[in-house]
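# What the coordinates show
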Amino acid sequence: MEPMTLRAVGLCAGIPTQKGEIRAVNDVSIDVPAGSIVGIVGESGCGKSMTARAIMGLMRSPARMTGGEIWLNGRDIARLPERQRRALRGSEMSMIFQEPMTSLNPVMKVGRQVAEAVRLHANVSRQEADRRAVEMFEAVGISDAASRARCYPHQLSGGLRQRVMIAMAMVCRPKLLIADEPTTALDVTVEAQILRLMRNLCDAGTSILLISHNLGVIAQLCDYVYVMYAGRIVEQAGVIKLFDHPAHPYTRGLLNAVSSLRRGGERLDTINGVVPNLLRLPEGCSFSLRCDACEARCAQEMPELREIAPGHKARCHLAEREAWS
Amino acid sequence: MKQSLLRRFIQAVIVLLGVALMIFIMLRVVPGNPVATMMGEHADIDTIQRMTAELGLDQPIHVQFARYVLDALRGDFGTSYSMGKPVSQLMAAAFGNTLALAVAAALFAWVVGIACGIVAAVRKNGLLDHLFMGFSLLGVSMPVFMVAMLLQYVFAYHLHWLPISGVDSWKGYILPAIALGWNSAGSVARLVRSTLLDVLQQDYIDTARAKGRGQPGILVLHALRNAMLPVMTMMAMQLSSLLSGAVITETVFSINGIGRLAVQAISGRDIPLLQGTALFTTLVVVLGNLLADSLYAVLDPRIRREA
Ligand SMILES: Nc1ncnc2c1ncn2[C@@H]1O[C@H](COP(=O)(O)OP(=O)(O)OP(=O)(O)O)[C@@H](O)[C@H]1O
Ligand SMILES: [Mg+2]
């Protein structure tokens, strides 16, 4: 079996409220093999960011992780004490966020912010850390790196800031990079540049967990994709398999919406209904209320995530085992 | 940046002149003849008229004002009617005491206020948070004279730890500084707490955590630096209000400062002295605002560049 950079097993995370626990992440298992880009896709509020934060150990109170294992390079880190967990952040696993405009400290020079990551994990002088930061700026394609390093965040464009974020995440050469909607706030040309940069990082040996609600981004970049719905994985497959043979009605709905956009048809194909309230999920399949193919048992019994072909799983009673598998 | 500071400076001068003019006019339209008051009940009309002419009070008001401004620029604010000494000399003597009191009060207010604000934010909704916020609410809502008298009663009268009034030694400044600074300490603590809580929710705090910073480092290096921006502005304003003379505190603790001088000027209908103290207060407030603005510009790179 190929070595896994990240193996999350049965992750659960929630937010306690007066009306009960919001189960935002429910039994989510994700594998990121070494040297690959794995995507998580799903609509807003389905728990993508919460999953990423749980893996990083960056839950924002009152949200908390309630169960599961997180294996990073063969070691379960979920139950490590915070000190040891912290030592891994930035050195073995890094994360970049959706909003490059607000993710950098406004009163600190960007070079310093990258150098800070170096000095947290390597015992080097300030000059050496600054030098490595500039080097990293060059590596992520920031021209005029030395003078840009002396800029404050507000002096840089969104694309440059996201490059700074990537430089900061990569400066200690982590094995795993988690990118939570890294291009959502950027315009398309800048998005393409950032995606190319991420591909290069992957080719240089970094495994990437890419979170997006944009199927186009997923299709361009990922090797393997997880589809999330209402806190659960509902389908997972290699990227080509997923786009050619989507097995879950939700995935099909997502793909239809995109392709009807691309066809420029009269009507946009949408998925009916709205995301269910996480406090009051239906008894059976979470998607049953919005599903065109819903049957009696769908409303009563939560389907298992079943393997329907090698490397292709779906959480649907009606998903057929593929004949040719 | 230089340009905007220059602009602010010119604005400050204009404000100063405007306020001076207003004080000048107001003091001349209030009823009552100051010369008569100064000379006492038994002065005859002739003497009063001679005196009025000597002081230039019979001239048209714009002439009086122009002369006043020109004299003031040379550091001459006239002679106090009630004390017979140059106003500048009286104010210089009083300013030393006011300055010492203001510095002591500011030191108390800021050290205590910032420390309590940080602890309250870190221990949000904890025991210390409630305790400190309770104290700061007291400080913000209790009138100064009440705090002052309570402190005198407990620490001077009852416990004999500190002198009840007067500033013969540094110990004399402790109670007045607390009485005067408590209010500022309360406001600073509340502002530090709320901005810090707000800053700790910002995305860049997550970024700092994601690169492996621990909680203390995040607090000091990332959160405080940002949270202090509005706090600094508040502190500059407080300094100017502390410096412009604490009428009540100086009176309760018998400290011969600017505030007390102003009280004496009012009760003695001493126009030059009152003018001097009022002008001084204006100057300090205007300078305080100027300081607050330039502090913000120095500390916040976003403003530094735009300007
Ligand atoms: N502090 C909170 N209080 C209440 N609910 C929360 C809180 N934070 C997150 N949630 C809920 O948890 C669920 C998962 O949120 P999460 O941020 O992981 O979604 P997401 O998939 O990343 O969405 P997006 O695409 O909008 O970023 C959402 O339904 C959200 O409403
Ligand atoms: Mg999100």
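Position numbers for residues count from 1 along each chain, tracking the sequence in the order it is written. For this description, chains carry letters from A and ligands carry numbers from 1, given in the order in which they are written. Thresholds applied to this predicted model are a pLDDT of at least 70 for local features of residues and 80 or more for the giving and counting of side-chain atom pairs; totals over whole chains, interfaces and linings are not thresholded and use all residues. Side-chain numbers come from the whole structure's heavy atoms, not from hydrogens or water.

### Notes on the overall build of chain A
Which entries qualify depends on this criterion: Secondary structure follows DSSP: runs of H or I at least 4 residues long count as helices, runs of E at least 2 residues long count as strands, and numbering of each begins at the N terminus. The atom set for the radius of gyration is the C-alpha atoms, and the globule formula is 2.2 Å times the number of residues raised to the power 0.38. Throughout, a contact is declared for two residues whenever any of their heavy atoms are within 4.5 Å. Exposure was quantified through the Shrake-Rupley algorithm and a 1.4 Å probe, taking into account, for residues, occlusion by the shown protein chains and nothing else. A residue counts as positive if it is Lys or Arg and as negative if it is Asp or Glu; His and the chain ends are not included. For the purpose of locating charges, the reference atoms are NZ of Lys, CZ of Arg, CG of Asp and CD of Glu.
Of the regular secondary structure elements, chain A holds eleven helices and twelve strands. By the compact-globule yardstick of 20 Å for 325 residues, chain A fits well, its C-alpha radius of gyration being 21 Å. Along the longest, intermediate and shortest principal axes, the C-alpha atoms of chain A span 65 × 50 × 45 Å. Contacts spanning at least 24 positions in sequence make up 61% of the contacts within chain A whose residues lie at least 6 apart. Accessible area for chain A stands at about 14600 Å²; split by element, carbon and sulfur atoms hold 49% of it. Once the 40 positive and 34 negative side-chain charges of chain A are each reduced to a mean point, those two points are 7 Å apart.

### What about a nonpolar patch on the surface?
Residue and element names in this part refer to chain B. Convention followed: In this scheme, patches are assembled from residues that exceed 30% relative accessible area and form no salt bridge. Like charges are connected within 9 Å, while nonpolar side chains (Val, Leu, Ile, Met, Phe, Trp, Tyr) are connected within 5 Å. Here, a salt bridge means any side-chain nitrogen of Lys or Arg that lies within 4 Å of a carboxyl oxygen of Asp or Glu.
A cluster of nonpolar side chains, contributed by Phe145, Met146, Met149, Leu150, Val247, Ile248 and Val263, occupies part of the molecular surface with about 580 Å² of accessible area. Per-element tally for the nonpolar patch: the top contributor is helix α7 (residues 144–158), with four residues. Mapped onto the elements of the fold, Val247 is located in helix α11 (residues 247–252).

### A word on the domain arrangement of chain A
Residues and elements named next belong to chain A. Note the cut-off: Just so you know, the domain bounds were taken from an automatic or database domain assignment. Buried area: the sum, over both parts, of the accessible surface (1.4 Å probe) that disappears when the two are put together. Two N or O atoms count as a polar contact when they lie within 3.5 Å, although within protein this holds only if one can serve as hydrogen donor and the other as acceptor, and sequence-adjacent residues are included solely when both atoms are side-chain atoms. Residues were grouped as follows: Ala, Val, Leu, Ile, Met, Phe, Trp, Tyr, Cys and Pro as nonpolar; Asp, Glu, Lys and Arg as charged; and all remaining residues, including Gly, as polar.
The domains assigned to chain A are domain 1 (4–92 + 174–314) and domain 2 (100–173). When each unit is reduced to the centre of its C-alpha atoms, the spacing between domain 1 and domain 2 is 29 Å. With 17 residues of domain 1 at the contact, the number on the domain 2 side is 13 residues. In total, about 1200 Å² of surface goes out of reach between domain 1 and domain 2, with carbon and sulfur atoms giving 71% of it. On the domain 1 side of the interface with domain 2, the three residues burying the most area are Pro174, Ile194 and Leu197, jointly 36% of the side's total. Counting every contact that joins domain 1 to domain 2 gives zero salt bridges. Our enumeration of links across domain 1 and domain 2 arrives at four residue pairs in polar contact (both at pLDDT 80 or more). Counting only elements with at least two residues in the side of domain 1 that touches domain 2, the list comes to α2 (82–88) and α7 (188–203). Top contributing element to the side of domain 1 that touches domain 2 by residue count: α7, with five residues. Across the side of domain 1 that touches domain 2, the residue classes tally to ten nonpolar, four polar and three charged.

### Topic: the environment of Gln220 of chain A
Considering the arrangement of structural elements, one finds Gln220 of chain A in helix α8 (residues 215–221). Note: C-alpha distance between Gln220 of chain A and Leu195 of chain A (25 residues apart in sequence) is 8.4 Å.

### Topic: the layout of surface pockets
The rolling of a water-molecule-sized probe over the atoms marks out the regions of remaining empty space. Filter applied, for reference: Cavities and pockets were defined on a 1 Å grid built from protein atoms only: a cavity is a group of points that admits a 1.4 Å probe but offers it no way out, a pocket is an open group of points flanked by protein on both sides within 12 Å along at least five of seven lines, and a lining residue is one with an atom within 4 Å of any such point. Grid points are joined across faces, edges and corners, and a volume is the space filled by probe spheres set on the points.
Approximately 610 Å³ is the volume found for the largest pocket. Listing elements by their share of the lining of the largest pocket, those giving two or more residues are α2 of chain A together with α5 (87–122), α8 (174–200), α9 (203–210) and α10 (215–243) of chain B. Considering each element in turn, the lining of the largest pocket owes the most residues, three residues, to α9 of chain B. Within the lining of the largest pocket, the residues separate by chemical class into seven nonpolar, five polar and eight charged.

### Section: the pattern of salt bridges
The line we're drawing: Whether a residue is buried, partly exposed or exposed follows from its accessible area with a 1.4 Å probe, protein chains only, as a fraction of its type maximum: under 20%, in between, or over 50%, in that order.
Going through the model one piece at a time under the given rule, you end up with 21 salt bridges over all chains. With a closest N to O distance of 2.9 Å, Asp130 of chain A and Arg112 of chain A form a salt bridge. Note that Asp130 of chain A is positioned in helix α4 (residues 126–139) and Arg112 of chain A in helix α3 (residues 110–121), a separation of 18 residues in sequence. With a closest N to O distance of 2.7 Å, Lys211 of chain B and Glu116 of chain A form a salt bridge. One end of the pair, Lys211 of chain B, is in the loop between α9 and α10; the other, Glu116 of chain A, is in helix α3, on a second chain. Given the relative accessible area of 3%, Lys211 of chain B is considered buried. Of the residues examined, Glu116 of chain A reaches a relative accessible area of 7% and is grouped as buried.

### Some remarks on the site of ligand 1
Residues and elements named next belong to chain A. Applicable threshold: For this description, a residue counts as near a given molecule or strand if any of its non-hydrogen atoms is within 4 Å of it.
Taken together, the neighbourhood of ligand 1 is formed by Ile15, Ile22, Ala24, Ser44, Gly45, Cys46, Gly47, Lys48, Ser49, Met50, Glu181 and Leu278. A distance of 2.8 Å separates an oxygen atom of ligand 1 from a polar backbone atom of Gly45. Here Met50 contributes a backbone N or O atom positioned 2.8 Å from an oxygen atom of ligand 1. Notes on ligand 1: free accessible area 640 Å², of which the protein chains cover 61%. Here the shell around ligand 1 gets three residues from one element, more than from any other, and that element is helix α1 (residues 48–56). When its residues are assigned to classes, the shell around ligand 1 shows six nonpolar, four polar and two charged.

### What to know about the interface of chain B and chain A
Put simply, an interface is often sized by how much accessible area is lost when its parts join up. At the junction of the two partners, chain B supplies 22 residues and chain A supplies 30 residues. For the pair chain B and chain A, the summed buried surface comes to about 2300 Å²; carbon and sulfur atoms form 52% of the total. The three residues of chain B that bury the most area against chain A are Arg209, Ala210 and Lys211 of chain B, which together make up 27% of that side's buried surface. Remark: the boundary between chain B and chain A carries five salt bridges. Its salt-bridge partner being Arg60 of chain A, residue Asp203 of chain B comes within 3.9 Å of it at the nearest N-O pair. Summed over the shared surface of chain B and chain A, the result is 17 residue pairs in polar contact (both at pLDDT 80 or more). For the side of chain B that touches chain A, the secondary-structure elements that each account for two or more residues are α9, α10 and α14 (301–306) of chain B. With six residues, α9 of chain B is the largest single contributor of residues to the side of chain B that touches chain A. When its residues are assigned to classes, the side of chain B that touches chain A shows six nonpolar, seven polar and nine charged.

### A short note on the domain arrangement of chain B
All names here are of chain B. When its domains are assigned, chain B resolves into domain 1 (2–73) and domain 2 (88–306). Using only C-alpha atoms to locate each centre, domain 1 and domain 2 end up separated by 33 Å. At the junction of the two partners, domain 1 supplies 17 residues and domain 2 supplies 13 residues. When the buried surface of domain 1 facing domain 2 is broken down by residue, Leu16, Leu27 and Tyr68 rank first, second and third, together holding 34% of it. At the boundary of domain 1 and domain 2, one finds one salt bridge. Taking the shortest distance from any N to any O, the salt bridge between Arg8 and Asp293 comes out at 3.2 Å. Remark: the boundary between domain 1 and domain 2 carries one residue pair in polar contact (both at pLDDT 80 or more). The greatest single-element share of the side of domain 1 that touches domain 2, amounting to twelve residues, is contributed by helix α1 (residues 2–29). Residue classes in the side of domain 1 that touches domain 2 are distributed as 14 nonpolar, one polar and two charged.

### Some words on the packing of aromatic side chains
Filter applied, for reference: Pairing of aromatic side chains here covers Phe, Tyr and the six-membered ring of Trp, requires ring centres within 6.5 Å, and sorts the geometry by plane angle: under 30 degrees stacked, over 60 edge-to-face, intermediate tilted.
Overall, the coordinates contain ten aromatic pairs over all chains when judged by the stated rule. Pairing Tyr229 of chain A with Phe287 of chain A gives two aromatic rings, centres 5.1 Å apart and planes at 85°, and the pair type is edge-to-face. Of this pair, Tyr229 of chain A sits in strand β9 (residues 224–229) while Phe287 of chain A sits in the loop between α10 (249–263) and α11 (296–300); the two residues are 58 residues apart in sequence, bridging distant segments of the chain. Taking the relative accessible area as the measure of exposure, Tyr229 of chain A reaches 1% and is therefore buried. With 5.2 Å between their ring centres and 65° between their planes, Phe24 of chain B and Phe65 of chain B make a pair best called edge-to-face. With Phe24 of chain B in helix α1 and Phe65 of chain B in helix α4 (residues 61–73), the pair connects residues that are 41 residues apart, well separated along the chain. Take Phe24 of chain B and Phe65 of chain B: they sit in the same class, and that class is buried.

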